[in-house]
Structures are given as C-alpha cells and as structure tokens.
Amino acid sequence: MNRYFLGVDGGQSRTTAIIGDESGRVVGIGLAGPTNHVEAAEGRAKFVNAMTACLSAACAQAGLDPSSTRFASACLGFSGGPADKQAILEEILSSDRTIVTHDAMIALAGATAGDPGIITIAGTGSIAFGRDSSGDVARVGGWGFIFGDEGGAFHIVRQALRAALRFEEGWGPTTSLRTVLLEATGARDANDLAHRFYTPEFPRPRIASFSKLVDRAAEQGDAIASEVLLEAARDLASIASAAREQLFEDLATVRIAYVGGVFRSRIILAQFRKLLEREGQNQVAPPIHGPAAGALLEAYRAAGVRCALSNVPEEKP
C-alpha cells in the first residue's frame, strides 16, 4: 500500500497543501484562502473551510479520497504560529504523525531543501531563522512592528516618512521622499500623512507596500532613500549573522537564503549579499523550494524518510 505525505503552508493571503509519495515525487497540490487567524468563531470557520478546500484539491489531483486518506506524516506551518490550530487540525486531518509549526521553519526547510542553513525573511516584517545539522534552531528578530521588524517593508516606509517629516519641518536634509509619498497617498503634507497612517484606512500591509516607492526614489538618485535601503540591508544582514553565530562554527560554510518582497530591491539584495559574503564562508542564495515544499520535506523528516523532491510546483510568493 502506498504511503503519502502532506505539507501545508498556511499564510495571511493563501494556504497551499502539497502531497508527496514515498519517493519524494509531488502528486497533488491544492490552494485555498488564508489560515492565519482562528480566535473568533468566524475565524475558526474560515480556517476549517480553507484547510478542507486545499486538502480536497490536493487529494483530487493525487487521485486520493480526502475522506478516507490517512497520511503517513504531515507537517503544517502557519503564519502566527501553531498554538491555536493544533486541536482544530486533529478534527479534520488524519495522519500517523502531525507536526504543527511556524512559517519560518517551513520556509527554511524549503529554502535549503531540508539541509542546515539560515533563511532571512523580509516582507512586511522581518526575521532570521536557522537550523544546524544537529537540529538545533535559532531565531533572531520577528518582534513585530512596534519593537522590531527592522529591514522589513513597514520599517522602510516608517524611516522614509520620518525623513519626509524632518525635511518638511526644516531639521532634515532635502529628499524627494516627501513628494513621492504625498503623491501616492493624496495627503496634504507629511504631517497629514503621518496622522493618516494611524487610521484604519492604512493598515500595515498597505503602508508596507509604499516601500516600492522608496526603492524607486533611491534608484533615481535620492541619497536619503538610498540610505534608508542600505540601513535595511544592514539590519537584515545583522540578524542573519546573529543566527549564524548561535548555530555554526566560524569556518563552517553556511547557506543563507533570502525571501520576501523587500529583496526585490536591487539595492537591498546587493548590499545584503555583500555584507554577508565578505564575512567568509557564507553562501547567499535564493530559496531552492517554497515553504509548502519545505513543509512536505519536514513531513518526510519526521517519518525518518530521506529523499529529494521531484515534480515540485512553483509556489507563488
């Protein structure tokens, strides 16, 4: 009888389920809505619906009956962590062993194809996460937008707005960031924009999306915008280095992967790579696989199965 393994990436925008056979070949994939919030009754219902939908779609593609399929092993990683989801999953998922973890773990597993290494994630926020050959892990950053998330997109826009406010009030250098942000938002001035950013009209993801404008200003020669991006790169390199120091010897060769919209900036990625590779034995590279494939690799790992994945679909960011 064939054994099947399940990996799930549950995020803030979508949930992806991937099923693999005993050889590591992906045989089914299913997509559904977000599964990051379950506290309220409505959130629980959305979580169950999304999980059921992505599992059903993946099983259908694999030629399996979702109502009777029991997985040999399953790993599910969620944005926001696993604490409020474990009990619900026991009701809707049949598996010999089930690991419920956070999204950084499965992102790392996918990025390094299950090998030791570090991943630096920079989207709206930021975090570095690593694991060594003994299975020891280290997490650096990820403290949220109030106390941390340096180098993330929200932090970049916050620094850009601070520069615009200083310029507007006459105690900071000239920068095009003020004009760029005002034109994009329709605000009267930087002070008005700062107040708008405190309102529900501008949730954190929307504010973070303006980081692309900061990148564009830097590419067009704005020195202050460039410094904001270089500072972000320094912060991201620093958290990756801190994770490395906790896990690896000085002379060890370590793969450091990067993922997230912030790294679409040519300036940030180039500086991030430069800072880490000049330390010596760091190999900075994009992810090998996405987080759902990483979750599948963790499912194999939990069952003691060593295999390389094949027929892996491309995962949309």
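Residues numbered from 1 in each chain as written. Predicted model: local features only at pLDDT ≥ 70, side-chain atom pairs only at ≥ 80, totals over all residues. Heavy atoms only, no water.

Read across the open sheet, the five strands follow the order β8-β7-β6-β9-β10; overall the sheet is mixed. Edge positions in the sheet fall to β8 (137–141) and β10 (282–285), since each has one partner strand and no second. The sheet shows a mean angle of 20° between the axes of neighbouring strands, direction not considered. Bridge analysis of strand β6 (residues 117–122) against strand β7 (residues 126–131) gives six bridges, and the strand direction is antiparallel. Counterpart to A122 in the pairing with β7 is S126. Most of the contacts of helix α9 (residues 223–247) go to β8, to which it runs at about 155°, and overall it touches β6, β7, β8, β9 (254–259) and β10. (Pairing = 2+ DSSP bridges. Helix = DSSP H or I, 4+ residues; strand = E, 2+ residues; numbered from the N terminus. Axes fitted to C-alpha atoms, helices over the stretch in contact; angles between N-to-C directions. Contact = heavy atoms within 4.5 Å.)

Attention shifts here to a nonpolar patch on the surface. A cluster of nonpolar side chains, W143, I146 and F147, forms an exposed patch at the surface whose accessible area comes to about 440 Å². When its relative accessible area of 60% is taken as the criterion, I146 is described as exposed. (Patch = residues over 30% accessible without salt bridge, like charges linked within 9 Å, V, L, I, M, F, W, Y side chains within 5 Å. Areas by Shrake-Rupley, 256 points an atom, 1.4 Å probe, with all protein chains shown as cover. Salt bridge = Lys/Arg side-chain N within 4 Å of Asp/Glu carboxyl O. Buried < 20%, exposed > 50% of the residue type's maximum accessible area, 1.4 Å probe, protein only.)

Pairing is possible between side chains that carry opposite charge, provided their charged atoms lie close to one another. In the structure shown here, the tally under the stated rule is 10 salt bridges. Of the charged contacts, one joins E219 and R266 as a salt bridge, the two residues approaching to 3.0 Å between their closest N and O atoms. Taken together, the residues span a long stretch of sequence, with E219 in helix α8 (residues 211–219) and R266 in helix α10 (residues 266–277) at a distance of 47 residues. Residues participating in the shared-partner salt-bridge network are R188, D192 and R196.

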